[in-house]
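Analysis of the macromolecular model
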Amino acid sequence: MDSSLNNAIKIDDIQSYVDENLDLFSKVLNSLESVSGEAKSYLVKKTSKDGRIDNALLEKHQYEGHGFAWFETYRISLRETLNWYKSLKDLNKSSKLESGILIFAFSEYLTQMRNGIMMSQTEVVRPSILGISQESFSFYESPDVANLIKIGSSDSVKDEIVSSLENGIFPNLGLNDETLEMIQDQFKKFTDEEIIPEANEWHLKDDLIPDEILKKMSELGVFSIAIPENYGGLGMGKVAMCVVTEELSRGFLAAGSLGTRAEIAGELIRLGGTEEQKNKYLPEIATGNILTTAVFTEPNTGSDLGSLSTRAQVDGDDYVINGNKTWITHGARSDLMTVLARTDSNQKGYKGLSMFLVEKPRGNCKNPFPMDGMS
Ligand SMILES: Cc1cc2nc3c(=O)[nH]c(=O)nc-3n(C[C@H](O)[C@H](O)[C@H](O)COP(=O)(O)OP(=O)(O)OC[C@H]3O[C@@H](n4cnc5c(N)ncnc54)[C@H](O)[C@@H]3O)c2cc1C
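A quick note: this is a predicted structure, and the numbers were derived from the prediction, not measured.

Considering the site of the ligand
Lining the immediate surroundings of the ligand are Q62, H66, E123, R261, A294, F296, T297, G302, S303, W327, I328 and T329. Here an oxygen atom of the ligand sits 2.8 Å away from a polar atom, N or O, in the side chain of R261. When isolated, the ligand has an accessible area of 970 Å², and the protein chains bury 52% of it. Residues that form the shell around the ligand fall into these classes: four nonpolar, six polar and two charged.

In structure tokens form, the structure reads like this:
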């Protein structure tokens, strides 16, 4: 690519370019939709038996299946990025930052879809693996699309995005909801004032987030956002949860993940718990008095939880749980665990699993698990 040409593109021109070419973005999406249809038919043919998706065939072609999931994720992400930009533009809220993000996303993701999506360091999904012919991507070579890609990957676009972020200017999320915008402002302020100045120190010292910060987070409603109102929460739902998590994580990932623990446990108890469990735990989770942790992953089981091996066996009136868990966020400093374990060893996969609510004493850095039988 000719970088001198790239550098010559001015960001103000790019916003006008984007606004004048929104139809071209839509045309690209239409082309991608037909490419996606081609890949889907190919995959269905490879993995079907007697007119239905066959598990054994899907397992055999899991690389293609996984790759198609990535391809579709990219396609839908581009579609929603364009919708996001268009709605901002309609409200006169789009700026050069948002237009830069839109064109950069199209340029980068489209190029990856055309040439190979990197699922991991060693797994690249190329179109041919998904049965996509070269001709299907011929739209990528057309002069107007090639120009869009060139502009989107230009240094001017990247510089604009990076310097905005460095100056604390973040893209408008397009929430279009006064309450959500208020929550975002509130948590932005909290993160700037209370989290960012300390986060690096906590990280370097491997410290827990101090209790007084936790208290302030509770007061701001971090733990109660997703808990229903009739159980003492704010009942604000997933989007509010995402807004809060994103703002806190901007300052420190561990701060963002604290609130999501309450959301995971709250959801499990709300959907699967007894009325007694809901009354006992949900209000305490909402106030932050009970900190929760999600205990699912094992050393040999990550995404495929159906194959986990931790066992829970009946012992008198109790269950005794034996097994190894790993990657458990806020595992030590928590009072209640949602533990996934196998209760029926005759059943394979998800069918033999149960979710347990297990209370535990809260630990700290010096003594993470002050409980017999747990280390
Ligand atoms: C920061 C962090 C916090 C975490 N916190 C928690 C927590 O609080 N509680 C908890 O229980 N767990 C937690 N986890 C664990 C997390 O849920 C697992 O890492 C996740 O489920 C993925 O499992 P894995 O790492 O074993 O990877 P694997 O599932 O083994 O995946 C490895 C690779 O295989 C690919 N792959 C997976 N499935 C398929 C498939 N079907 N077909 C093709 N390819 C596939 C993946 O894309 C990946 O590239 C945390 C992880 C991280 C990184």
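Re the domain arrangement of the chain
Split into domains, the chain comes out as domain 1 (3–166), domain 2 (178–287) and domain 3 (295–359). A straight line from the C-alpha centre of domain 1 to that of domain 2 covers 33 Å.

Some points on the pattern of salt bridges
Taken as a whole and judged by the stated rule, the model has 20 salt bridges. Of the charged contacts, one joins K27 and D144 as a salt bridge, the two residues approaching to 3.8 Å between their closest N and O atoms. Residue K27 is found in helix α3 (residues 22–47), and its partner D144 is found in helix α7 (residues 143–152); the two are separated by 117 residues along the sequence. Using a relative accessible area of 32% as the deciding quantity, one classes D144 as partly exposed. One network of salt bridges, with partners in common, ties together K188, D192, E247 and R250.

Regarding helix α5 (residues 62–90)
When the terminal C-alpha atoms of α5 are compared, their 42 Å separation across 29 residues agrees well with the 42 Å that a helix rising 1.5 Å per residue should span. N92, located one to two residues past α5, shows a positive phi value of around 60°.

Regarding the environment of T191
Note on placement: T191 falls in helix α9 (residues 178–205). Spatially, the C-alpha atoms of T191 and S249 are 8.6 Å apart, while their sequence positions differ by 58 residues. Excluding its chain neighbours within four sequence positions, the residues that come into contact with T191 are I196, P197, E247, L248, R250 and G251. Here E247 takes part through its backbone oxygen, which lies 3.3 Å from a polar atom of the side chain of T191.

With respect to the packing of helix α12 (residues 253–272) against helix α13 (residues 275–287)
It is the contact of α12 with α13, at a shortest axis distance of 10 Å, that shows an interaxial angle of 160°. What the angle tells us is that α12 and α13 run roughly antiparallel. Relative to α13, the crossing made by α12 is left-handed. When α12 is examined against α13, the residues A262, A265, G266, I269 and R270 are found in contact with a partner set consisting of Q277, K278, Y281, L282 and I285. Taken together, the residues of the contact of α12 with α13 break down into six nonpolar, two polar and two charged.

Re the side chain of R261
Residue position: R261 is located in helix α12. No salt bridge is formed by the buried R261, whose closest oppositely charged neighbour, E263, lies at an N-O distance of 8.2 Å. Setting aside residues no more than four positions away along its own chain, R261 makes contact with T292, A294, T329 and H330.

Looking at empty space enclosed by the protein
Under the criterion given, the structure shown has one cavity of 30 Å³ or more. Here the largest cavity is characterised by a volume of approximately 30 Å³. Taken together, F223, L258, R261, A262, I290, L291 and T292 make up the lining of the largest cavity. Broken down by element, the lining of the largest cavity gets its largest block of residues, three residues, from α12. Among the residues forming the lining of the largest cavity, the class breakdown is five nonpolar, one polar and one charged.

Description of the confidence of the model for the chain
The predicted model of the chain averages 94 in pLDDT, with 97% of residues at 70 or higher. Taken element by element, the predicted model of the chain shows its lowest mean pLDDT in helix α1 (residues 3–7) (47) and its highest in α3 (98). Here residues 1–7 is a poorly scored stretch, pLDDT under 50, and it has eleven contacts once near neighbours within four places are set aside; other chains count.

Observations concerning the pairing of strand β3 (residues 117–120)
Judged from the three bridges that link them, β3 and strand β4 (residues 123–125) form a sheet pairing that is antiparallel. Residue pairing in the sheet places M118 in a bridge with V124 of β4. Here β3 hands over to β4 after two residues, the two strands then running antiparallel side by side.

Some words on the nonpolar core
Ranked by size, the top nonpolar core spans 41 residues in total, and within it V18, F25, I103, F106, L110 and F137 carry the most contacts. Sorting the residues of this core by element identifies α2 (11–20), α3, α5, α6 (96–115), β3, α7 and α8 (155–166) as the ones contributing at least two each. Sorting elements by how many residues they give to this core places α3 first, with nine residues. Filtering out sequence-adjacent residues up to four positions away, V18 remains in contact with F25, Y85, S99, L102 and I103. L175, M217, V222 and I225 belong to the second largest nonpolar core, which has 35 residues in total.

Concerning a nonpolar patch on the surface
A contiguous nonpolar patch, built from V44, I53 and L58 and spanning about 230 Å² of accessible area, is present on the exposed surface. Positionally, V44 belongs in helix α3.

The rules behind these values
- Residues numbered from 1 in each chain as written.
- Predicted model: local features only at pLDDT ≥ 70, side-chain atom pairs only at ≥ 80, totals over all residues.
- Heavy atoms only, no water.
- Near = heavy atom within 4 Å.
- Polar contact = N/O pair within 3.5 Å; in protein donor to acceptor, adjacent residues only side chain to side chain.
- Areas by Shrake-Rupley, 256 points an atom, 1.4 Å probe, with all protein chains shown as cover.
- Nonpolar A, V, L, I, M, F, W, Y, C, P; charged D, E, K, R; others polar.
- Domains from an automatic or database assignment.
- Salt bridge = Lys/Arg side-chain N within 4 Å of Asp/Glu carboxyl O.
- Helix = DSSP H or I, 4+ residues; strand = E, 2+ residues; numbered from the N terminus.
- Buried < 20%, exposed > 50% of the residue type's maximum accessible area, 1.4 Å probe, protein only.
- Expected span 1.5 Å × (residues − 1).
- Contact = heavy atoms within 4.5 Å.
- Axes fitted to C-alpha atoms, helices over the stretch in contact; angles between N-to-C directions.
- Parallel < 35°, antiparallel > 145°, perpendicular 65-115°, else oblique.
- Left-handed = near helix turned anticlockwise from the far one by under 90°.
- Lys, Arg positive; Asp, Glu negative; His and termini not counted.
- 1 Å grid on protein atoms, 1.4 Å probe; cavity = no way out; pocket = protein on both sides within 12 Å on 5 of 7 lines; lining within 4 Å.
- Points joined across faces, edges and corners; volume = space filled by probe spheres on them.
- pLDDT = per-residue confidence, 0-100.
- Pairing = 2+ DSSP bridges.
- Core = buried A, V, L, I, M, F, W, Y, C linked by side-chain atoms within 4.5 Å.
- Patch = residues over 30% accessible without salt bridge, like charges linked within 9 Å, V, L, I, M, F, W, Y side chains within 5 Å.

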